[in-house]
Amino acid sequence: MTQRSIPEKTQRLFVAVALPDSVRQILAQRQKGLPGVRWASQNNLHLTVRFLGEVPLAQVAAVKAGLRDVRVEGFSLHIKGLGCFERRSQAVLWAGLKPAPGLLELKQQVDDVLERHAGLKAPGGRFSPHITLGRTKQADRKALGAFMAGDGVTLAAEFTVEFFTLFSSVLNPNGAVYTAEERYSLAGQC
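Draft legend 1. A look at the environment of Leu52. On the secondary structure map, Leu52 appears in strand β3 (residues 46-56). Along the primary structure Leu52 and Pro123 are separated by 71 residues, whereas in three dimensions their C-alpha atoms are 9.2 Å apart. Those residues within four positions of Leu52 in sequence are excluded, and the remaining contacts are Leu13, Phe14, Val63, Leu114, Leu120 and Leu166.

And the structure:
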């Protein structure tokens, strides 16, 4: 008799910096004028620090406990300009960020505590901080270039990061639904 394995229950998780309403409004104003793009919901705009993917429910408590050990001072982020990642005919449109040592320290500590507490090794590759604005499956290079050259040069916003958040994500046909699972204050912040 063959034994069927029962699939392990999981939760799709990511660690992110939530954006202030004022910054999300500025970014939402740029989410237009490019046909065929599926724009991210204004409420879903965020800066991903670490995507965890499907995490077994048995590990979620360890993830939350580990993130409580992160000790980074609050810092400022500067959004500047637009760009895109292209892969074949697909593209991800994003708002860029000026380099920020505080963000890199946050990323490093998040990776360290997740490995130490939950056994989740950091993904390979370079960390490219960005805020995803939209995605397209049929990228028109000329239209993308015009979009990025438009107001993207003048797109700028600055805000202070006082906390980061563990989000869960449920995918559905109308787009992802994000839920804040736990919020973590940065050092020096209340």
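Draft legend 2. Looking closely at the sheet that holds strand β4 (residues 75-87). Reading across the sheet, the 5 strands line up as β2-β6-β5-β4-β7 and stay open at both edges, with antiparallel pairing between neighbours. Strand pairing shows two members of the sheet lacking a second neighbour, β2 (38-39) and β7 (156-161), which therefore form its edges. For β4 and β7, the ladder comprises 6 bridges, and the chain directions are antiparallel. Within β7, the residue paired with Phe75 across the bridge is Val161.

Draft legend 3. Structural context of the environment of Leu19. Turning to its location among the elements, Leu19 is positioned in the loop between β1 (10-18) and α1 (21-28). Using a relative accessible area of 6% as the deciding quantity, one classes Leu19 as buried. Sequence-wise, Leu19 and Asn44 are 25 residues apart; in three dimensions their C-alpha atoms are separated by 9.2 Å. In contact with Leu19, other than residues within four places in its own chain, are Arg24, Leu27, Leu45, His46, Ile131 and Phe159.

Parameters and conventions
Counting starts from 1 at the beginning of each chain's written sequence and moves along it residue by residue. Owing to the predicted nature of the model, reporting of local features is limited to residues with pLDDT of at least 70; listing and counting of side-chain atom pairs is limited to 80 or more, with chain, interface and lining totals taken over all residues. The basis for every side-chain value is the complete set of non-hydrogen atoms in the structure, without hydrogens or water. Helical segments are the DSSP runs of H or I of at least four residues, strand segments are the runs of E of at least two, and each set is numbered from the N terminus. Pairs of residues are marked as contacts when any of their non-hydrogen atoms sit within 4.5 Å. In short, DSSP must find at least two bridges between two strands for them to pair. Only protein chains enter the accessibility calculation, which uses a 1.4 Å probe; a residue is then buried when its area is under 20% of its type maximum, exposed when over 50%, and partly exposed in between.

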